[in-house]
Amino acid sequence: MFKFDSKATREDCKFIIDIIKNYSEDSSIKKLISPISDEYYLLDEKNQVSICIADDEIILANHVYLYKKTFNLSFTSNLKKIIKKQMENEMQALKKTLFKNEIDLLDKILNVSARKKKSLSITPNLKSS
């Protein structure tokens, strides 16, 4: 018995691109990467939607339905790039917040050291009234 994989249509591709863009731009969505299998996951815990992007297929699932289709490698690679780009943006924003306190501390120390560097000088007021 032969099993034929379900191939995606152009309409499927349009929907998938929009779904991936929307989910990847949402900061409440968990974005995970499996480094060995190179699979990307988008997890919407609120709506119980899970998306897996592998090298040649995409799986969307929740507790009611399962969508699983085969796509060509270039299409799934482009989807992975969308997710990677958004993850990088989120990591850079996180990095800025993590090191904000350290930068604030350095700024305060710089101000203290600059004040100490300036000598206190008293200028007499010799105006007569």
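Everything below is about the structure printed above this text.
Predicted model, so just to flag it, every value in this text is computed and none were measured. (Residues numbered from 1 in each chain as written. Predicted model: local features only at pLDDT ≥ 70, side-chain atom pairs only at ≥ 80, totals over all residues. Heavy atoms only, no water.)

Caption draft 1: Representation of the nonpolar core. The biggest cluster of nonpolar side chains holds 16 residues, and the ones touching the most others in it are Ile16, Ile20, Ile51, Ile53 and Ile58. Going through the elements one at a time, α1 (10-25), β2 (39-44), β3 (49-53), β4 (57-61) and α2 (73-98) are the ones with two or more residues in this core. The element contributing the most residues to this core is α2, with four residues. Residues in contact with Ile16, not counting those within four places in the same chain, are Ile58, Leu60, Tyr67, Phe71, Phe75 and Leu79. (Core = buried A, V, L, I, M, F, W, Y, C linked by side-chain atoms within 4.5 Å. Buried < 20%, exposed > 50% of the residue type's maximum accessible area, 1.4 Å probe, protein only. Helix = DSSP H or I, 4+ residues; strand = E, 2+ residues; numbered from the N terminus. Contact = heavy atoms within 4.5 Å.)

Caption draft 2: Molecular detail of the sheet that holds strand β1 (residues 30-34). One open sheet accounts for five strands, arranged β1-β2-β3-β4-β5; its pairing is antiparallel. Both edges of this open sheet fall to β1 and β5 (66-70), since each of them pairs with a single strand only. Taken pair by pair, the neighbouring strands of this sheet meet at an average axis angle of 10°, ignoring direction. Direction of pairing for β2 relative to β3: antiparallel, over a ladder of five bridges. Within β3, the position partnered with Asp44 by the bridge is Val49. Of the strands in this sheet, β1, β2, β3, β4 and β5 touch α1, which is tilted by about 110° from β3. (Pairing = 2+ DSSP bridges. Axes fitted to C-alpha atoms, helices over the stretch in contact; angles between N-to-C directions.)

Caption draft 3: Quick look at the pairing of β5. Note that β4 and β5 share five bridges and pair antiparallel. Residue pairing across strands places Ile58 opposite Lys69, the latter belonging to β5. Hairpin geometry of β4 and β5 is characterised by an intervening segment of four residues between the two adjacent antiparallel strands.

Caption draft 4: How the structure looks around the pairing of β2. What you see with β2 is a clean split: Tyr40, Leu42 and Asp44 sit on the buried side and Glu39, Tyr41 and Leu43 on the side with no burial. Note that β1 and β2 share five bridges and pair antiparallel. Within the sheet, the bridge partner assigned to Ile33 lies in β2 and is Tyr40. Hairpin geometry of β1 and β2 is characterised by an intervening segment of four residues between the two adjacent antiparallel strands and by a positive phi of about 55° at Asp38. Between the end of β2 and the start of β3, which pair antiparallel, lie four residues, with Gln48 showing a positive phi angle near 55°.

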